[in-house]
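Each chain, letter by letter, is given below.
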Amino acid sequence: MQDFLIVGGGVIGMMTALQLADAGHSVALVERGQCGREASWAGGGIVSPLYPWRYSKAISALSSWSEGRYPELAGRLLEETGIDPEYRQKGLLYLRVEDVDVALAWAREVAKPLNRIDADTLYTKEPNAAPGFEDALWMPTLGSIRNPRLGQALRARLLQMPRVSLHEHREVSALIREGAAIRGVATSQGAIRAGQTVVCAGAWSRALLAGIGVELPVRPVRGQMILFKAPPGLVERVVLKDGRYVIPRGDGRVLAGSTLEEVGFDKQTTREARDSLHASALSIVPALAECPVEHHWAGLRPGSPDGVPMIGTVPTFEGLHVNAGHYRNGLVLAPAATRLLVDQLIGCEPIVDPSPYLPGSRLLGSDVSVR
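What you see is a predicted model; the values in this text were computed from it and never measured. (Residues numbered from 1 in each chain as written. Predicted model: local features only at pLDDT ≥ 70, side-chain atom pairs only at ≥ 80, totals over all residues. Heavy atoms only, no water.)

Attention now moves to the pattern of salt bridges. According to the stated counting rule, one finds 27 salt bridges in the structure shown. Between Arg-146 and Glu-86 there is a salt bridge, with the nearest N and O atoms lying 3.1 Å from each other. Of the two residues, Arg-146 sits in the loop between β5 (135–139) and α7 (147–160) while Glu-86 sits in the loop between α4 (70–81) and β3 (92–95), which places them 60 residues apart along the sequence. The residues Arg-146 and Glu-86 share a single accessibility class, namely buried. Where Arg-339 meets Asp-343, a salt bridge forms, and the shortest distance between an N and an O atom there is 3.0 Å. Of this pair, Arg-339 and Asp-343 both sit in helix α10 (residues 330–346), separated by four residues, roughly a single helical turn. (Salt bridge = Lys/Arg side-chain N within 4 Å of Asp/Glu carboxyl O. Helix = DSSP H or I, 4+ residues; strand = E, 2+ residues; numbered from the N terminus. Buried < 20%, exposed > 50% of the residue type's maximum accessible area, 1.4 Å probe, protein only.)

Next up, the structure:
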């Protein structure tokens, strides 16, 4: 029997396993496919909420803590695995922001470097940005990371660790319940037992917990993105306009995203979304019209009613914990969200007040009561 069993091999699940193993615990991680290939792979990798001043204090607390950890994490993974997650800290340009005064007031309150810049500064920083803007907002400290490579590096590191066992391509059919305790999971290839079970299965978490009468308010929300094969230097930093963005990679490629679609577990891409994303990208960087679209994909975010994840112990069940419902900010919040749960699991003082994230009354199941 392992000390901990983690269901879900996305960034949340893998970071949880890494931290628990670092703390000396034995960990089994179960993933129905290959680790890092679902929503964690599909995202853009901006290490901040898109418009952070529009989010609740609960999201801000986690995102502020997380943002500063990515450079160290990326460096560690490169050193230990040889895989570069490609963390880039070149800032973010906001074009056409309606609530500038709110944004600047938020920045002053949280001591965040966010400034209004004039057109000359804007086009010096990003010469290929669409013409005609008289000003912009500039956040110099914002970074981005290359999601697929981060997932590859985390997976490679876990495979090196003797206290971690990865069980990939194993479908979890049910939680193993012994009275009021959860002691692992039943899978397509047999049972895996553990003293503590953590559900980090993203949009699929709700179905698993429903089997024991717990209704987790998490739903799939499809997001589509496209990738341009662009020459290096065409776009140097993240640029955001009207809720859509372009993100440069180190090799010159440029991502454009993303959609928000309530279509259940349908991961198909659509021509309508491709055309819309293409138009948005060209409205930000017109020169992308000369660059071919190399790839178009979709992923399923774990949506929650208010965008605040549920992190903590599931009431009435000994040994069962959840970390799900991060919506658009799974990667953004991952270092803090996983550290917050791990602190609770191993008895350390939490990095932030855990109360806004505790499942408690946010669970919908009639079989669940808060204690």
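So, next bit.
All right, on to the confidence of the model for the chain then. Here the chain averages 95 in pLDDT, and 98% of its residues register 70 or above. In the predicted structure, residues 365–371 sits below a pLDDT of 50 and forms 18 contacts with residues beyond four places in sequence or in another chain. (pLDDT = per-residue confidence, 0-100. Contact = heavy atoms within 4.5 Å.)

Turning our attention to α10. Turn by turn, an α-helix covers 3.6 residues, leaving residues three or four places apart pointing in a common direction. Counted at 1.5 Å a residue, the expected span for α10 with its 17 residues is 24 Å, and the 22 Å between its end C-alpha atoms agrees. Where burial is concerned, most of α10 is hidden: 13 out of the 17 residues are buried. In the stretch just after α10, Gly-347 is the one whose phi turns positive, near 80 degrees. (Expected span 1.5 Å × (residues − 1).)

To continue, consider the packing of aromatic side chains. Applying the stated criterion to the full structure yields six aromatic pairs. When the ring of Trp-204 is compared with that of Phe-265, the centres are 5.5 Å apart and the planes differ by 45 degrees; the resulting orientation is tilted. Taken together, the positions of Trp-204 in the loop between β9 (190–199) and α8 (205–210) and Phe-265 in the loop between β13 (254–257) and α9 (271–284) put the pair 61 residues apart, joining distant regions of the chain. Accessibility expressed as a relative area gives 24% for Trp-204, which makes it partly exposed. Its relative accessible area of 46% is what places Phe-265 among the partly exposed residues. (Phe/Tyr/Trp six-rings, centres within 6.5 Å; stacked < 30°, edge-to-face > 60°.)

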